[in-house]
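Here's the letter readout for the chains.
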Amino acid sequence: MNAESTSILVVDDEERIRRLLRMYLEKEQYTVNDAENGESALEMALNKDFDLIILDLMMPGMDGIEVCEEIRKQKATPIIMLTAKGEEVNRVQGFEAGTDDYIVKPFSPREVVLRVKALLRRSSSTKFLQTETKTKELFEFPHLTIDNEAHRVTVDGSLINLTPKEYELLLYLAQAPDKVFAREQLLKDVWNYEFFGDLRTVDTHVKRLREKLSHEDPKAAEMIKTVWGVGYKFEVQDQA
């Protein structure tokens, strides 16, 4: 993804933070727009295709959780949530609403830039895995295909619009059919860092993932099986 053609929306009710993030992001040649409240942010996010959104959690009026939930009803734009220290419960709500990553205030602007670059890499539609050995890039199942080279999921030929975290969760499960993964392991491996929070974060992402797959073909969604009391597994259905 070319930085000069990458547009980012920064949403925070503090002008100082918006100005600081704009300065660091524009140094990286990103195009930056900003909004000072949730209502303006939602209107901008729905009317323009941003490559990434940095969204403050606590804002007067419509807060970051509400904005994220509304965006997720229509778009899979990658979202990084900004949260104040000690707002773990709110961070859990953010993940459940569809946030892809979070950064705790006060933050280092350089850390924000690194997180932005990492999330943009993961969400790029032309992503290539940079590994020492060639890994499998195409996963074909009845009704469902995951093309990891193109970062694309299709159900019966129809493209499914997934958030980066939904995509990573599906790919993680599909790479090991019939293996049961505990929720704690999914949080650690898919979310890329130790996250001691509400396990419903995983459940919410699985629910949303199933809904998107089921919209095209319920049989695709049925491959994500719940293992009661443990977690989830990906079970390949018979072709018949």
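Bear in mind that the values here come from a model prediction, so they are computed numbers and not experimental data. Note on numbering: residues in each chain are counted from 1, in written sequence order. Per-residue local features are limited, in this predicted model, to residues with pLDDT of at least 70; the limit for side-chain atom pairs, both in listing and counting, is 80 or more; totals at the level of whole chains, interfaces and linings are taken over all residues. Heavy atoms from the whole structure form the basis of all side-chain values; hydrogens and water molecules are not counted.

Colleague: A description of helix α8 (residues 200-216) should follow, citing residues and the corresponding values.
Modeller: Between its first and last C-alpha, α8 extends 25 Å over 17 residues, near the 24 Å set by a 1.5 Å rise per residue. For every residue, the accessible area obtained with a 1.4 Å probe (protein chains only) is divided by the maximum for its type, and the residue is called buried under 20%, exposed over 50%, and partly exposed between those limits. Each helix is a run of H or I in the DSSP string that is no shorter than four residues. Each strand is a run of E no shorter than two, and both are numbered from the N terminus. For α8, every residue scored as buried is listed here: T201, V202, H205, V206, R208, L209, K212 and L213. Mapping the buried residues of α8 onto a view down its axis gives an arc of 165°, with all of them on the same face. For α8, the exposed residues lying more than 90 degrees away from the buried face are K207 and H215. Take the residue count of a helix, subtract one, and multiply by 1.5 Å to get its expected span. The arc refers to the directions leading from the helix axis to the C-beta atoms.

Colleague: Quick rundown of the UniProt feature "modified residue: 4-aspartylphosphate" (unreviewed entry) in the chain? Include the residues and the values.
Modeller: UniProt positions are given in the numbering used here, feature names are shortened, and annotations may be inferred rather than shown by experiment. Per the UniProt entry, the sites bearing "modified residue: 4-aspartylphosphate" (unreviewed entry) are D56 in this numbering. Residue position: D56 is located in strand β3 (residues 52-56). Taking the relative accessible area as the measure of exposure, D56 reaches 3% and is therefore buried. Contact between two residues is taken to exist if any of their heavy atoms lie within 4.5 Å; hydrogens are not considered. In this structure D56 touches V11, D12, D13, G64, M81, L82 and K105, once residues within four positions along its chain are discounted.

Colleague: So what's going on with the environment of I8? Residues and values would help.
Modeller: Take I8: it is sitting in strand β1 (residues 7-11). C-alpha of I8 to C-alpha of L52: the two residues are 44 residues apart in sequence and 5.0 Å apart in space. For I8, the residues in contact, after removing those within four places along its chain, are L25, Y30, T31, V32, N33, F50, L52, I54 and V116.

Colleague: Hey, could you go over the sheet that holds strand β12 (residues 231-234) for me, with residue numbers and the actual values?
Modeller: Backbone-to-backbone hydrogen bonds join strands into a sheet, with any given pair of strands oriented parallel or antiparallel. Spatial strand order, β10-β12-β11: 3 strands in an open sheet with antiparallel pairing. In this open sheet, the two edge strands, each paired with only one partner strand, are β10 (181-182) and β11 (224-227). By the convention used here, strands pair only if DSSP detects at least 2 bridges between them. In terms of strand pairing, β10 meets β12 through 2 bridges, oriented antiparallel. Paired with F181 across the two strands is Y232, which belongs to β12. Working convention: axes come from line fits to C-alpha atoms, limited for helices to the stretch in contact. Angles between N-to-C directions cover 0 to 180 degrees. On top of the sheet, helix α6 (residues 164-174) reaches β10, β11 and β12; it is set at about 70° to β12, its chief contact. In the packing of α8 onto the sheet, contacts are made with β11 and β12, and the angle to β11 comes to roughly 145°.

Colleague: Provide a residue-level description of the pattern of salt bridges, including the pertinent values.
Modeller: Just to be clear on terms, a salt bridge is a Lys or Arg side-chain nitrogen sitting within 4 Å of an Asp or Glu carboxyl oxygen. Under the definition given, this model contains 19 salt bridges. Linking E111 and R115 is a salt bridge whose minimum nitrogen-to-oxygen distance equals 3.1 Å. Of this pair, E111 and R115 are both found in helix α5 (residues 109-123), 4 residues apart, which corresponds to roughly one turn of the helix. Judged by relative accessible area, which is 30%, E111 ranks as partly exposed. Residues R208 and E166 are paired through a salt bridge, measuring 2.7 Å at the closest nitrogen-oxygen approach. You can see R208 sitting in helix α8 and its partner E166 sitting in helix α6, a full 42 residues away along the chain. Overlapping salt bridges, with partners in common, bring together R18, R22, E26 and D34 in one network.

Colleague: Can you break down the environment of L119 residue by residue, with the values?
Modeller: You can see L119 is positioned in helix α5. A relative accessible area of 1% means that L119 is categorised as buried. L119 sits 67 residues away from L52 along the chain, and the two C-alpha atoms are 8.3 Å apart. Filtering out sequence-adjacent residues up to four positions away, L119 remains in contact with L52, P78, I79, I80, D100 and P164.

Colleague: Go over helix α1 (residues 15-27) with me, naming the residues and quoting the values.
Modeller: Compared with an ideal rise of 1.5 Å per residue, which puts 13 residues at 18 Å, α1 spans 18 Å between its outermost C-alpha atoms and is within 8% of the ideal. When we look at burial in α1, the residues that qualify are I17, R18, L21, Y24 and L25. The buried residues of α1 occupy an angular sector of 140° when projected down its axis, which confines them to one face. Relative to its buried face, α1 has exposed residues pointing more than 90 degrees away, namely E15, R16, R19 and K27. One or two steps after α1, the chain reaches Q29, where phi turns positive at roughly 75°.

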